[in-house]
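# Descriptive structure summary
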Amino acid sequence: MQSAQCDAVQRAAWSGLTRAFGVVWLANAVFQAVAWLTTTNAQSNFIHALAKPASQVPAWIRPLLLAGLHVAQAVGPSLIAGIMVLVAVLLGLALLSQKKLALAARAGILYSAICWVFFNGFGFPYSGGQTDPGVFVAYAIAFMFVLAVAPALDSGDATTYRIEAGMWDKARIAFGLLWLFDAALKWLPAFLLHFSSQITSVIPGQPHWIAIWLGFIAEIVHGVGPITVAVLVGLSETAIAIALLSGRWLRLMVPFALVYSLSVWTTAEAFGGPYSSAGTGVRGNVLGNVLIYLIPLLFLWIGSSQARTARD
């Protein structure tokens, strides 16, 4: 196994980030528990969460999602929902306690993949300029980074900390592919020619202060030129993807990607609003999809130089 030494400061930073990830993950589990287990319409909420993606995917994928829906109905929505919430809680507790992290990270990757298929519907529909393939992809990548640093955090040796550099590079490349997928869709006419609607379409239903802010941003976009801003967005995401895939310029591009992600979250994602237990968190996004991208980015910010050293 490839490995790299990391110092106590870096280990402490990874430890804090892993626990922060655990808090976010548990917050999502709470949203799921409220919507799927404790409300008067709990069973219908769970079935709706499964049925909606099945109605949006292409015909050749639909049988898979419908099969999952039929299994949930046959076994019992409450039982399946309860098992999912229990697994989510256990994963969150493992992240917080940092016990059995490698096992939890592998389980988290599998759990996220299952949720991506059946609750994100592979990210479909890709229409109207929508480019995000679903937040559970970002969760799976975050768990890959946890798996890479697990040897450091699980280590009982107070003087030797190790990361699994091979897994680190796989996580970085997977994250780069995610950004590349986003970027490729942003060069299509559906995004370039309808960029203004990416802002204005999220205004209805927002809290008053968010609606005012988004209206201000929409005016700026109109003043600069929607196509010009859309091209800048496409160039930004393409540059981030190239940096992640190549492993180069990360010290420059990772901070840029952090700022860029926050800008998207505060505009096109409207701070994750509107907020409701049925709409925020059940599909994994807690308070917005792009906000979850910050977790892998922060792992990279803390440790990219160490990973390059190990690779060399």
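Residues numbered from 1 in each chain as written. Predicted model: local features only at pLDDT ≥ 70, side-chain atom pairs only at ≥ 80, totals over all residues. Heavy atoms only, no water.

## A closer look at the overall build of the chain
Counting its regular elements, the chain contains 13 helices and two strands. The 312 residues of the chain split such that 49% are buried. Look at the contacts in the chain between residues 6 or more apart in sequence, and 77% of them connect residues 24 or more apart. Surface exposure of the chain reaches about 13,900 Å², of which carbon and sulfur atoms provide 70%. (Helix = DSSP H or I, 4+ residues; strand = E, 2+ residues; numbered from the N terminus. Buried < 20%, exposed > 50% of the residue type's maximum accessible area, 1.4 Å probe, protein only. Contact = heavy atoms within 4.5 Å. Areas by Shrake-Rupley, 256 points an atom, 1.4 Å probe, with all protein chains shown as cover.)

## Points about the packing of helix H5 (residues 101–118) against helix H6 (residues 135–154)
Where H5 meets H6, the axes come as close as 8 Å, and the angle between the chain directions of the two elements is 175°. The angle between H5 and H6 places the two elements in the roughly antiparallel class. For the pair H5 and H6, the contacting residues are Leu101, Ala102, Ala104, Ala105, Arg106, Gly108, Ile109, Ser112, Cys115 and Trp116 in the first and Phe136, Val137, Tyr139, Ala140, Phe143, Met144, Val146, Leu147, Ala150, Leu153 and Asp154 in the second. (Axes fitted to C-alpha atoms, helices over the stretch in contact; angles between N-to-C directions. Parallel < 35°, antiparallel > 145°, perpendicular 65-115°, else oblique.)

## Some remarks on unusual backbone geometry
Negative phi values dominate among residues other than glycine, just as trans dominates among peptide bonds. A cis geometry characterises the amide bond from phenylalanine 124 onward to proline 125, with omega recorded as 5°. By secondary structure assignment, the location of proline 125 is in the loop between H5 and H6.

## Let's talk about the pattern of salt bridges
Summed over all chains, the structure comprises two salt bridges. The closest approach of N and O atoms between arginine 172 and aspartate 169, which form a salt bridge, is 3.5 Å. Placement of both arginine 172 and aspartate 169 in helix H7 (residues 165–186) is noted, with a separation of three residues, approximately one turn of the helix. For aspartate 169, a relative accessible area of 11% translates into the label buried. Glutamate 237 is paired through a salt bridge with lysine 186; the nearest N and O atoms lie 3.2 Å apart. Here lysine 186 lies in helix H7 and glutamate 237 lies in helix H11 (residues 226–246), a separation of 51 residues in the sequence. Of the two residues, glutamate 237 and lysine 186, both sit in the buried class. (Salt bridge = Lys/Arg side-chain N within 4 Å of Asp/Glu carboxyl O.)

## Digging into a nonpolar patch on the surface
Taken together, Val71, Val75, Leu79, Ile83 and Val87 make up a surface patch of nonpolar side chains, about 400 Å² in accessible area. Breaking the nonpolar patch down by element, the ones donating at least two residues are helix H3 (62–75) and helix H4 (77–97). A total of three residues in the nonpolar patch trace back to one element, the largest contributor, which is H4. Positionally, isoleucine 83 belongs in helix H4. For isoleucine 83, a relative accessible area of 45% gives the class partly exposed. (Patch = residues over 30% accessible without salt bridge, like charges linked within 9 Å, V, L, I, M, F, W, Y side chains within 5 Å.)

## Considerations on the environment of alanine 81
Along the chain, alanine 81 turns up in helix H4. As a C-alpha pair, alanine 81 and alanine 42 span 39 residues in sequence and 9.2 Å in three-dimensional space.

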